[in-house]
Amino acid sequence: MPEGEGFTLREVPMPTPHPAGFGWIGNPQLVLQVPSVAAVDLRDYAPPLRHHAALPGGTNVNVVEVIVPGEARIRSWERGVEGETLCCGTGCAVAAVWLARDGGPRAWRLRTASGEDVTVTFLPDAGGGWHDLWLSGPVRRLGHVQPDSSLHP
């Protein structure tokens, strides 16, 4: 996953209804720790956060529920899609770094909305950054897309 200058946790730029972290990993990710991801109605909960005025261009919104240290459930609302997705890899990555921020585990198994797990491992850097950040989990080809030839310059 991306790393280096600028790829880091940052201060959450607005008030949130639950404990939250914010990070940049090539795209913005807001992570909120909730008591139960199943109890969150993302259609109502996520859009005001996704479009908050403090975040020009918006953000992805991820809710996480810690099961035990190193294991959590996650659901993601992605900008551009404007809805919940089965798995957001960059959201999983920032969630794991944020969950580990105060000396927590450097490896997290995240149970996604797809029902499949994503494992995130990383080494923290000073100031909220990371290096050697890896995601692993099942991979399947869901289809093949051939772009219309008129789209090529």
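What you see is a predicted model; the values in this text were computed from it and never measured.

A. Region of interest: the overall build of the protein chain. A count of helices and strands for the protein chain gives 2 helices and 9 strands. A globule of 153 residues ought to have a C-alpha radius of gyration of about 15 Å, and the protein chain, at 16 Å, matches this closely. Principal axes of the C-alpha set define a box for the protein chain whose edges measure 50 × 35 × 35 Å. Here the protein chain holds 153 residues, and 41% of them are scored as buried. For the protein chain, the proportion of contacts with a sequence separation of at least 24, taken over those separated by at least 6, is 52%. Just so you have it, the protein chain exposes about 8300 Å², and 55% of that area is on carbon and sulfur atoms. Where the 12 positive side-chain charges of the protein chain centre and where its 16 negative ones centre are 4 Å apart.

B. Region of the structure containing helix α1 (residues 42-50). The complete set of buried residues in α1 reads Leu-42, Tyr-45, Ala-46, Leu-49 and Arg-50. All buried residues of α1 lie within an arc of 115° about the axis, which places them on one face of the element. Opposite its buried face, α1 presents the exposed residues Arg-43, Asp-44 and Pro-48, each directed more than 90 degrees away. Those residues of α1 hidden inside the fold are in contact with β3 (28-33), β4 (60-68), β5 (71-78) and β6 (83-85).

Conventions we followed
- Residues numbered from 1 in each chain as written.
- Predicted model: local features only at pLDDT ≥ 70, side-chain atom pairs only at ≥ 80, totals over all residues.
- Heavy atoms only, no water.
- Helix = DSSP H or I, 4+ residues; strand = E, 2+ residues; numbered from the N terminus.
- Rg over C-alpha atoms; globule rule 2.2 N^0.38 Å.
- Buried < 20%, exposed > 50% of the residue type's maximum accessible area, 1.4 Å probe, protein only.
- Contact = heavy atoms within 4.5 Å.
- Areas by Shrake-Rupley, 256 points an atom, 1.4 Å probe, with all protein chains shown as cover.
- Lys, Arg positive; Asp, Glu negative; His and termini not counted.
- Charge placed at Lys NZ, Arg CZ, Asp CG, Glu CD.
- Arc of directions from axis to C-beta.

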